[in-house]
Amino acid sequence: MARMVVFRCRNCHCDLTELLREVPLPQEDSAPAPYALPKGEECPPRMRPGTFAYDPPEAGERVFRPQLGGAALGLRRAGLDGIVLAPTDVHGAQLTSLRGRKNGCCGLDGCDGPNLVCRCCMAEVATERSDCWTPREVVLVPAAVEAVNVGYPS
Ligand SMILES: [Zn+2]
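Just so you know, these numbers come straight off a predicted model, no measurement behind them. (Residues numbered from 1 in each chain as written. Predicted model: local features only at pLDDT ≥ 70, side-chain atom pairs only at ≥ 80, totals over all residues.)

1. Let's talk about the overall build of the protein chain
So, step 1. Of regular secondary structure, the protein chain possesses 0 helices and 9 strands.
So, step 2. Written out in order from the N terminus, the α and β elements of the protein chain read β-β-β-β-β-β-β-β-β.
So, step 3. Among the 154 residues that make up the protein chain, the fraction classed as buried is 38%.
So, step 4. Excluding contacts between residues fewer than 6 apart, the proportion of contacts in the protein chain whose partners are at least 24 apart in sequence is 64%. (Helix = DSSP H or I, 4+ residues; strand = E, 2+ residues; numbered from the N terminus. Buried ≥ 20, exposed ≤ 12 C-beta atoms within 10 Å, placed from the backbone. Contact = placed C-beta atoms within 7 Å.)

2. Section: the confidence of the model for the protein chain
Low pLDDT marks regions whose predicted coordinates should not be analysed in detail.
So, step 1. Per-residue confidence for the protein chain gives a mean pLDDT of 86; residues scoring 70 or more make up 86%.
So, step 2. A low-confidence stretch, residues 68-76 stays under pLDDT 50, and its non-local contacts, those more than four residues away or across chains, total 9 contacts. (pLDDT = per-residue confidence, 0-100.)

3. A word on the pairing of strand S8 (residues 137-140)
So, step 1. Along S8, one buried face is formed by Glu137 and Val139 and the opposite face, lined by Val138 and Leu140, is buried too.
So, step 2. Two strands pair when backbone bridges link them, and strand S4 (residues 82-85) and S8 are joined in this way by 3 bridges, in the antiparallel orientation. Within the sheet, the bridge partner assigned to isoleucine 83 lies in S8 and is leucine 140.
So, step 3. As defined by bridge partners, strand S7 (residues 124-129) adjoins S8 across 4 bridges and the pair is classed as antiparallel. Counterpart to alanine 126 in the pairing with S8 is leucine 140. (Pairing = 2+ DSSP bridges.)

4. Focus: the sheet that holds S7
So, step 1. Reading across the sheet, the 9 strands line up as S5-S6-S7-S8-S4-S3-S2-S1-S9 and stay open at both edges, with mixed pairing between neighbours. The two strands at the open ends of the sheet, each matched to only one other strand, are strand S5 (93-95) and strand S9 (145-149). With strand direction ignored, the average angle separating the axes of adjacent strands in the sheet is 40°. (Axes fitted to C-alpha atoms, helices over the stretch in contact; angles between N-to-C directions.)

5. Describing unusual backbone geometry
So, step 1. Each neighbour pair has its own omega, and for aspartate 55 with proline 56 the value is -5°, a cis peptide bond.
So, step 2. Among the secondary structure elements, proline 56 is positioned in the loop between strand S3 (51-55) and S4.
So, step 3. Positioned with a positive phi, histidine 13 is a non-glycine residue whose angle comes to about 70°.
So, step 4. Inspection of the secondary structure puts histidine 13 in the loop between strand S1 (4-9) and strand S2 (20-22).
So, step 5. For histidine 13, a count of 14 C-beta atoms within 10 Å puts it in the partly exposed group.

6. Points about the environment of glycine 104
So, step 1. Relative to the elements of secondary structure, glycine 104 occurs in the loop between S5 and strand S6 (116-118).
So, step 2. As for glycine 104 and cysteine 132, which are separated by 28 residues in sequence, their C-alpha atoms are 8.6 Å apart.
So, step 3. Among all residues touching glycine 104, those that are not within four sequence positions of it are Asp109 and Asp131.

Structure, rendered in structure tokens:
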């Protein structure tokens, strides 16, 4: 049975996400970008709502867990390595005020570092990607969040 997890801001412990279930990382090419779809068709998010995955899988080892302790390590790609989930499952974060982080063609490309901040304390916690050439996803920064185990679904 999969573990159910809520991700919180490591700085202030506000909830950032819905209750989520870990699933295997989807194949890189399984997530369409809007440009690849017929005109007018809505692009599905890379992750199904209610699920998350570690991308790369080692990112899971970097997440701080209050009950275990943990070390924050460096990231390979600023903002794009971490915990991937559907944008609709992130309710505790808002768009950054840093203009340089909000680049993109017709959405956010997420290439300049985290663009979502914690609603409670404004810490940088995640990167949203919503551009025409990117998958639709939110990537939580492992070092900025903590995974709180909320038990097992019955
Ligand atoms: Zn916070």
